[in-house]
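Residues per chain, in single letters:
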Amino acid sequence: MDVIFLQVLNGLDKGSAYALIALGLTLIFGTLGVVNFAHGALFMIGAFCAVTLQKLFGLSYQVIDESKKDFLGNPLKVDVAYLETWLGPELGAAFVNWSVPLAIIFAIPVMVLVGFVMERGLIKHFYKRPHADQILVTFGLAIVLQEIVKYFYGANPIQTGAPNMFRGALDFGVLVGFEPNAVIYPYWRLVYFLFSAVVISGIFAFLRFTTFGMVVRAGMADRETVGLLGINIDKRFTIMFGIAAAVAGLAGVMYTPILAPNYHMGMDFLVLSFVVVVVGGMGSLPGAVMAGFLLGILQSFASMNEVKSILPGIDQIIIYLVAIIILLVRPRGLMGKRGVMEE
Amino acid sequence: MLGLNKRDTRFMIIVILLTAFTPFLMQPFSEGSAWAQFNGGYPDLMAKVAIFGIFAVGFNILFGLTGYLSFGHAAFLGVGSYSAVWMFKLLSLNVFPALIMAVIVSALFSLLIGYVSLRRSGIYFSILTLAMAEMSYRLAYSVLTPLTNGETGLQVRPSDPRILDGEGAAQYPNLFGLELSSSYKLEMLNHVFTFNVGYYFCAVIAIIAFYVALRIFRSPFGLVLRAVKSNQTRLNYTGLNTRPYTLSAFVISGMYAGLAGGLLAVMDPLAGAERMVWTASGEVVIMTILGGAGTLLGPVLGAGAIKYLENIFSKINESILHEWFAFLPDGLETSVVWVLSRFTGEGWALTLGLMFMLVVIFLPGGLVEGGQRIARLFRRKKTPDTDGEHHPKSTPHIAE
């Protein structure tokens, strides 16, 4: 029992990432009808927003500290972060420590801007072109973005830590009545799950309960009629693209402590999140979220040693296998609407 | 000749001549001159161009004719390489058993994948092939290690059985004893031209593959495939089951990919799983689109352009750039070199991505369409008063 519980928990953090990226992909597909192969790159840019902020906070200059001497008796040079001199040592250190959560604030405007530029500058011209062209041009864009990031940050993964408070793990099993040490779960993964739950419900609430969201939903159902009613639907869809980019970016920001970001993490996540979107059903937001968590949890079950001993290698391919079966048996996905991209 | 009409025969002869004289054509700059680094006439690169040309021509039979965008073709390339190396290990270092096996195994593999994937079309087909290829890649890395030797890659070792090779047989892939790595160097007019057995072997196979593709393009079968691209639903309504046609196209292009994989193993008897990763499938898509999907010559041009630029661009480093722009004033020179070095050397992938995006945006027909546009520009100037109604233009040659 506790093993099952542990695997469900383990699946949640990966599932949250899949769900967030797939949600953005589906938003873009549902509103603009564009298949965005550069969405993984947006996730990666988000992660590098966190890296950038951490680097910015850590900028330092050297001072000669008379109180410390090296073994020859000369005074040592000590790195002092600018933040610590400006804000005082305690507050400055706190900023450095909390750089990943603070990067959320930094990442939202950056990602929205990136999304706007992408949509207005490139994707706008591809609405009328076939899906194959959209895939190709966004694939090219993904390569370009990846190479730019590689130039600035190098090819190696960059460690970006969570705040000290969230390092370590929680004995989660005790809280729900299992033996101590049976279910150990790192704090940050819990934070990630809660964060993604908040973001996802925020997006759903936004679409459900605001006038803007209502117009967007109406546009998703019938773009032309909404346009005929005198509403500038294109502008709203552009804003939705920005929001989708921000969601992918936030998923990336918060994922950095779990996986040290490198320039091709986007491509790795892209394939999986496309699979998630297809499993959930093209154009279905709840489907994308559900399939994200489902596949995350399935993957963590498949990587259990007991399962692997029966079906070797299953942990590597389970997601693709599920996707293939779903596509063949139920092509519109788990929660897809009949007739949406169902060929 | 050989079932081709006059125009196609001429076209085929041009292609054969181009392939035969590639060692001259890709070596246009004399040795020791400043431009010598643009020379691409070394055997390794020329063979790569021929091999990836085969790969792209095969991919084009599927994508260019039927419009099915497969994102998993690298899997067939990888399978072809693995089976070729296994033949080297088990039977003989002669190239023919290896190539035949590579084609057969990849045909079976693509039959399996195609049968499943072709039940869907559009983006679902792309994602199905992508998922299949990723699955094969991951399995090759993990569970199938006894077959694929995992991360190290499959290699030919002296201790392999090789039951057909006797004592004292050649230790490298050979063509009935003729070693593929042997080459003849011709020094002439300050140029060094290399004629390599391996390249010519690949070139002959590429020409045969190209001829087969040409026949497919001109055949009724090819016409049906083109009809699938323009309107599959209508074709179904006329009572034609398109599945066998698309499946044959898929298997044929899988066989081309397997052949290319086998040739890669022939040129360098080593097979690794990284040939099957999905970005490698993306590369052949890029080649085909860059050259011009749906045209005969386009994919070959695309493969050639990408492999050539890849080799040349990655060689150019900052010191070479400094040499080139030494005539500029200092400050300007540094900035020009800085900008250019972002796109060369390590930054080659950036150039590739940008080039690809530009082609997709502005030139959906690829290099071939670009050439056609330029040609049309010149033609219009010469004969401005063409009467469209009374002298209808002949349909453009598909290879142009």
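The rules behind each value
- Within any chain, residue numbers begin from 1 and follow the written order of that chain's sequence.
- Chain letters start at A and ligand numbers start at 1, both assigned in the order the entries are written.
- Thresholds applied to this predicted model are a pLDDT of at least 70 for local features of residues and 80 or more for the giving and counting of side-chain atom pairs; totals over whole chains, interfaces and linings are not thresholded and use all residues.
- In this text, helices come from DSSP runs of H or I with a minimum length of four residues, and strands from runs of E with a minimum of two, each type numbered from the N-terminal end.
- Here the radius of gyration uses the C-alpha set of atoms, whereas the globule reference equals 2.2 Å times the residue count to the power 0.38.
- Exposure classification rests on a simple neighbour count of other C-beta atoms within 10 Å of a residue's own: a residue reaching 20 or more is buried, one at 12 or fewer is exposed, and one in between is partly exposed. C-beta atoms are placed from the backbone.
- Contact between residues is assigned whenever the C-beta positions, reconstructed from backbone atoms, fall within 7 Å.
- Here, any two strands with at least 2 DSSP bridges between them count as paired.
- Put simply, a nonpolar core is a cluster of buried Ala, Val, Leu, Ile, Met, Phe, Trp, Tyr and Cys residues tied together by C-beta atoms within 7 Å.
- Multiply 1.5 Å by the residue count of a helix minus one, and that product is the helix's expected span.
- Note on residue classes: Ala, Val, Leu, Ile, Met, Phe, Trp, Tyr, Cys and Pro are nonpolar, Asp, Glu, Lys and Arg are charged, and everything else, Gly too, is polar.
- The quantity called pLDDT is the predictor's confidence in a given residue, expressed from 0 to 100.
- As a rule, the C-alpha atoms of each element are fitted with a line to give its axis, helices using only the stretch in contact, and angles between N-to-C directions run from 0 to 180 degrees.
- Every angle not falling under 35 degrees, over 145, or within 65 to 115 is termed oblique; those three ranges are roughly parallel, roughly antiparallel and roughly perpendicular.

Within chain A, the secondary structure is distributed over 15 helices and 4 strands. Relative to a compact globule of 343 residues, whose C-alpha radius of gyration would be 20 Å, chain A shows 23 Å and is just as compact. Along the first, second and third principal axes, the C-alpha set of chain A runs to 80 × 50 × 35 Å. Per-residue burial over chain A gives 48% buried out of 343 residues. Once local pairs closer than 6 in sequence are excluded, the contacts in chain A between residues at least 24 apart make up 73%.

Broken down by element type, chain B carries 17 helices and 6 strands. At 23 Å, chain B has a C-alpha radius of gyration in line with the 21 Å of a compact globule built from 400 residues. Each principal axis of the C-alpha atoms in chain B carries an extent, and together these give about 70 × 70 × 45 Å. In chain B, which comprises 400 residues, the share counted as buried stands at 44%. Within chain B, residue pairs in contact and separated by at least 24 positions form 75% of the contacts whose partners lie at least 6 positions apart.

All names here are of chain A. Among the 10 residues in strand β1 (residues 60-69), 0 count as buried, and that is only a small part of the element. As paired strands, β1 and strand β2 (residues 75-81) are joined by 7 bridges and run antiparallel to one another. For Val63, the partnering residue across the bridge sits in β2 and is Val78. Counting the residues between successive antiparallel strands, the hairpin from β1 to β2 contains 5 residues, one of them, Gly73, with a positive phi of roughly 90 degrees.

Attention now goes to the nonpolar core. Core analysis: the largest hydrophobic core is formed by 221 residues, its most contacted members being A:Leu23, A:Val247, A:Val275, B:Ile54, B:Phe55 and B:Ala260. Here this core gets 16 residues from one element, more than from any other, and that element is helix α3 (residues 43-66) of chain B. What A:Val247 contacts, discounting residues up to four positions off in sequence, is A:Leu20, A:Leu23, A:Gly24, A:Val199 and A:Ile203.

On to helix α6 (residues 131-153) of chain A. For α6(A), spanning 23 residues, the distance from its first C-alpha to its last is 32 Å, which sits close to the expected 33 Å at 1.5 Å a residue. Remark: A:Gly154 follows α6(A) within two positions and exhibits a positive phi of approximately 80 degrees.

Its 15 residues place the ends of helix α16 (residues 348-362) of chain B 21 Å apart at the C-alpha level, agreeing with the 21 Å of an ideal helix rising 1.5 Å per residue. All of the buried residues in α16(B) are B:Leu350, B:Leu352, B:Gly353, B:Phe356, B:Met357, B:Val359 and B:Val360.

Attention shifts here to the interface of chain B and chain A. With 35 residues of chain B at the interface, the matching set in chain A holds 32 residues. In terms of residue count, the dominant contributor to the side of chain B that touches chain A is helix α6 (residues 122-141) of chain B (12 residues). Residue composition of the side of chain B that touches chain A, by class: 22 nonpolar, 8 polar and 5 charged.

Residues and elements named next belong to chain B. Mapped onto the fold, Ile252 is located in helix α11 (residues 243-267). A residue is classified by how many C-beta atoms lie within 10 Å of it, and Ile252, with 21 of them, is buried. Taking the C-alpha atoms as reference points, Ile252 and Phe59, 193 residues apart in sequence, are found 8.9 Å from one another. Not counting chain neighbours up to four residues away, the residues in contact with Ile252 comprise Gly58 and Ile61.

Let us now look at the confidence of the model for chain B. All names here are of chain B. A residue-level look at chain B finds 90% of positions with pLDDT of 70 or above and a mean pLDDT of 82. Ranking the elements of chain B by mean pLDDT puts strand β4 (residues 183-188) last, at 70, and α11 first, at 92. Here the predicted complex scores 0.84 on pTM and 0.80 on ipTM.

Attention shifts here to the packing of α3(B) against α11(B). The angle between the axes and the distance between the axes are what describe a pair of packed helices. All names here are of chain B. Here α3 crosses α11 at 170 degrees, and the two axes come no closer than 9 Å. For the element pair α3 / α11, the angle class is roughly antiparallel. Judged by residue contacts, Ala47, Ile51, Phe52, Ile54, Phe55, Val57, Gly58, Phe59, Ile61, Leu62, Leu65 and Thr66 of α3 engage Thr246, Ala249, Phe250, Ile252, Ser253, Tyr256, Ala257, Leu259, Ala260, Leu263, Leu264 and Met267 from α11. Considering only residue class, the contact of α3 with α11 consists of 20 nonpolar, 4 polar and no charged.

The next point concerns the packing of helix α9 (residues 211-221) of chain A against helix α11 (residues 233-255) of chain A. All names here are of chain A. Orientation of α9 relative to α11, taken along the N-to-C sense of each, is 105 degrees, at an axis distance of 10 Å. As judged from the angle between their axes, α9 and α11 are roughly perpendicular. Residues Phe212, Val215, Val216 and Gly219 of α9 lie in contact with α11, whose contacting residues are Ile233, Arg236, Phe237 and Met240.

Here we take up the environment of B:Ser142. Within the secondary structure layout, B:Ser142 lies in the loop between α6 and α7 (145-148). For the pair B:Ser142 and B:Arg243, spaced 101 residues apart in sequence, the C-alpha to C-alpha distance is 34 Å. If we skip the residues at most four places from it in the chain, B:Ser142 touches A:Gly313 and A:Gln316.

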